[in-house]
Amino acid sequence: MKIIHTADWHLGKVVQGVSMLEDQKYIIEQFLQHVKEIKPDAIIIAGDLYDRSIPPVEAVQLLDQTFSIIIKELNIPIIAIAGNHDSTSRVDFGSTIFKESNLHLVGKLKKEMPPIILQDKYGEIAFHLIPFADPQEVRYVFEDDSVKTNEQAMEKIIEHIPFNEGRNISIAHAFVTKNGEQIENTDESERPLSIGGSECIDANLFDKFDYTALGHLHQAHFVQSEKIRYSGSPLKYSISEATHQKGFLVVDMAANGEVEIEKIPLNPKRDMRRIEGYMKDLLEMAPSEDYVYVTLHDEAVIIAPMEKIRTVFPNAMHVDRTMNHTIVDAGESVVESKHKMDTTTLFNAFYGEILNEEPDEQMMTLFNELLAEELVEEREGGRTK
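Each chain carries its own residue numbering, running from 1 in the direction its sequence is written. Only residues with pLDDT of at least 70 are given local features in this predicted model, and only at 80 or more are side-chain atom pairs given and counted; all residues enter the totals for whole chains, interfaces and linings. In computing side-chain values, all of the structure's heavy atoms are included and hydrogens and water are not.

Looking at an unreviewed UniProt entry, the chain carries the name Nuclease SbcCD subunit D, with the source organism given as Kurthia zopfii. UniProt positions are given in the numbering used here, feature names are shortened, and annotations may be inferred rather than shown by experiment. The UniProt entry for the chain carries the following text under Sequence similarities (unreviewed entry): "Belongs to the SbcD family."

Written out as C-alpha cells, the structure is:
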C-alpha cells in the first residue's frame, strides 16, 4: 500500500502579522498535483490542520476544497487527527457521516477507538488514530489518576489500542524523542504541549507498530527507527525553520509490514530566510519577494530601517542588529529579544522587574496551572486570540 504522510498544515497561520493563506493555497495546489501523479491508496494528516481553534473562514474553505478534491475527484481516503492547535470538537464534527465518504477524522480521545481498516492486495492494514490529548484529558477518559506526564498518557492510550493481526500504523501528534530524552523543541512557531513538566515521549512506545506517522515537530526526520517519522510541515512558519527542506513523505508498505520511504520536496511561492550585511550593501541586492529576517552590521543609528529594507525586500518580516544597540524606527526606540523568550521566561522577567525578586515555587505552580488552563481553553475555542 502506498501512503502519503503529511502534517502540520496550520491553515490560517499568521507570521509576524502576515497571513500565510496565499502561500498555503500555493503549496496545497502543488501538493495536490503530486497526489494526482503518485496516486496513493491513502493520505495521512497527523494533526494541526488549522493554526488555531477558531480558524478564519478562508482557512476552513481551503481545507474543505482540498478535501473535496482528494475525496470526490481522486477517490483517495483521508485519515486525519487533531493536533494541539486544533479544536478537538470542531475536528470531530460530522466525523461519523464523513466516514461513509472515506474521510476519517478523529478530534477527541475516546476510551474505545477502533482502527480504520483499509485493504490492499496483501490484506488488511489497521490505522490507529491518536489525536493530541494532554495528561489531564487522558486521566479523565481512562479514569486513571496515576497519569501525570505526556509519556504516561501515551503509554495508557497505546495499552488500549486493539492491534490487528496483520499490519498496524499509528498516527499521533506528540513530541517523541529517542528513549524519551529531554530535548528542546527548536520550532519557535510551536506551542508547548506541557506546562511545568516534560513534553517528551519515549519512541520505544511505538515499537509494536509497523509505521508511526507523527505530527508536531516541523522538521522531517525519523526518531530512533526509520519507521517512526515526522513528515514536517509543508511550509516554513518561523525563521527557526529557515534551513528546513519542506515536503511530505511517501510510505510504501509491503506485505510483511516493511516500509520504503521517499521524501517529496515542496517549493514555496516565497522562501523564508535570513540575510545580513551593511545597509548600503543590502539595498544593492537583487529585489526579492521572500520573507526575510534581516541582521544589520551597521553600528551607526539607522532611521526607519524596515522602510528602507522593504524597498528591496517588500515582504521583510524583521530587522535586528549584530550590535547590542537599539534600532530606531520612525523615530521610536524598538527594544528586541523578548519575542524570543518562552512564556515562563517572560513571566519570570516581568515578575522580577515589578517586584525585584524571583517568583517562589508556590507562585510558579499557580502560574503554570493558569497557563495550562489557558492552553486548554484556547484549543477548545473558548478564546479567539
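1. Quick notes on the packing of helix α1 (residues 21-38) against helix α2 (residues 57-73)
Put simply, α1 and α2 touch, their axes get as near as 11 Å, and they point 5° apart. Comparing the axis directions of α1 and α2 gives the class roughly parallel. Every residue of α2 that contacts α1 at Leu21, Gln24, Lys25, Ile28, Phe31 and Leu32 is listed here: Glu58, Ala59, Leu62, Thr66, Ile69 and Ile70. Here the contact of α1 with α2 is composed, by residue class, of eight nonpolar, two polar and two charged. Geometry is summarised by axes, namely lines fitted to C-alpha atoms with helices restricted to the contacting stretch, and by angles between N-to-C directions that run from 0 to 180 degrees. Helix and strand assignments come from DSSP, with helices taken as H or I runs of at least 4 residues and strands as E runs of at least 2, each series counted from the N terminus. Should an angle fall under 35 degrees it is taken as roughly parallel, and over 145 as roughly antiparallel, whereas 65 to 115 is taken as roughly perpendicular and any remaining angle as oblique. Should any heavy atoms of two residues lie within 4.5 Å, those residues are counted as being in contact. Any residue that is not Ala, Val, Leu, Ile, Met, Phe, Trp, Tyr, Cys, Pro, Asp, Glu, Lys or Arg is counted as polar, Gly included; the first ten are nonpolar and the last four charged.

2. What to know about the environment of Ala82
Along the chain, the position of Ala82 falls in the loop between β5 (78-81) and α3 (88-92). Each residue is placed in one exposure class: buried if its accessible area under a 1.4 Å probe, protein chains only, is under 20% of its type's maximum, exposed if it is over 50%, and partly exposed if it falls in between. Residue class for Ala82 comes out buried when judged on its relative accessible area of 0%. A sequence separation of 90 residues divides Ala82 from Ala172, and the C-alpha atoms of the two residues are 8.9 Å apart. When residues no more than four places from it in sequence are discounted, the contact partners of Ala82 are Gly47, Asp48, Thr88, Val91, Val106, Gly107, Pro131, Phe132 and His173.

3. Observations concerning the sheet that holds strand β7 (residues 116-120)
Two strands qualify as a pair provided that DSSP identifies no fewer than 2 bridges between them. The sheet built from six strands is open, its strands ordered β7-β8-β9-β12-β14-β13 with mixed pairing. The two strands at the open ends of the sheet, each matched to only one other strand, are β7 and β13 (221-223). Put simply, the sheet's adjacent strands are angled 30° from each other on average, direction ignored. Note that strand β12 (residues 211-215) and strand β14 (residues 225-230) share three bridges and pair parallel. Directly across from Leu214, in β14, lies its bridge partner Tyr230.

4. With respect to the sheet that holds strand β6 (residues 103-106)
Strands sit in the order β6-β5-β4-β1-β15-β16 across an open sheet of six strands; the sheet is mixed. The strands lining the two open edges of the sheet, one partner per strand, are β6 and β16 (259-265). Ignoring which end each strand starts from, the neighbouring axes of this sheet average 20° apart. Where strand β4 (residues 42-46) and β5 come together, four bridges link them in parallel fashion.

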